[in-house]
Amino acid sequence: MPGPALAAEHARALYDRDDAAATARVHETDKAWHALDFLLNRRGFPVDVVYGEADMPWPEGEDWGYGPPRILTADRVRAAADALENHTPDTLTEGVTPADLVVANIYPTVIWEGGEEADWVAAHWADLARYLRVAAREGDALLLWIS
């Protein structure tokens, strides 16, 4: 695994680009990150695909948003991809109301307070699931962060 400085440099360079090669290597869940975490945990998804599972030391002063990035190892990416069949987008929000998300204080609360259903979060899960399958097929680890 490359050192933290090299990983940070590579990730930032890809994140700032807007071309097909970068798009294939970068995935964003936009404002769905907190709801994804809540809903996946509620369903017992076995891998933390929102926050990552392993710490990695990062260069001092690097601003990544809400804390430093974390790693999801290639083995854990494979475990996530293997678990996708039992955690489909159409079942992710089953039995969850906007009021449930408000009570759980899930960001962005203003959306749930307005009564909007969480179906758009399931669409983000479908996109993330595709991304995880490709990463698993390629044997890739993932660098995850909230910004």
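None of these values were measured; they are calculated from a predicted model.

A. Structural view of helix α8 (residues 119-138). A rise of 1.5 Å per residue sets the reference length of α8, with its 20 residues, at 28 Å; its end C-alpha atoms lie 29 Å apart and thus fit the reference within 8%. Among all positions of α8, only Val121, Ala122, His124, Trp125, Ala126, Leu128, Ala129, Tyr131, Leu132, Ala135 and Ala136 are buried.

B. Region of the structure containing the side chain of Thr93. When you line up the elements, Thr93 lands in the loop between α5 (89-92) and α6 (98-103). Here Thr93 falls in the buried class, since its relative accessible area comes to 12%. Aside from chain neighbours lying at most four places away, what touches Thr93 is Leu39, Arg43, Ala118, Asp119 and Ala122.

C. Geometry of unusual backbone geometry. For the peptide bond that leads from Tyr107 to Pro108, omega is -10°, which places it in the cis range. Locating Pro108 in the fold gives a position in the loop between α6 and α7 (109-113). The residue Asp30 is not glycine, and still its phi comes out positive at about 55°. Among the secondary structure elements, Asp30 is positioned in the loop between α2 (20-25) and α3 (33-42). When its relative accessible area of 56% is taken as the criterion, Asp30 is described as exposed. Positive phi is not limited to glycine here, since Asn105 has a value of about 60°.

Each value, and the rule that gives it
- Starting afresh in each chain, residues are numbered from 1 along the sequence in its written order.
- Only residues with pLDDT of at least 70 get local features here, since the model is predicted, and only at 80 or more are side-chain atom pairs given and counted; chain-wide, interface and lining totals rely on the full set of residues.
- Excluded from the side-chain calculations are hydrogens and water; all other atoms, namely the structure's heavy atoms, are used.
- Strands here mean DSSP runs of E at least two residues long; helices mean DSSP runs of H or I at least four residues long; both are numbered from the N terminus.
- The span you would expect from a helix comes to 1.5 Å times its residue count less one.
- With a 1.4 Å probe rolled over the protein chains alone, any residue whose accessible area is under 20% of its type maximum counts as buried; one over 50% counts as exposed, and the rest are partly exposed.
- Every residue pair with non-hydrogen atoms within 4.5 Å of one another is taken to be in contact.

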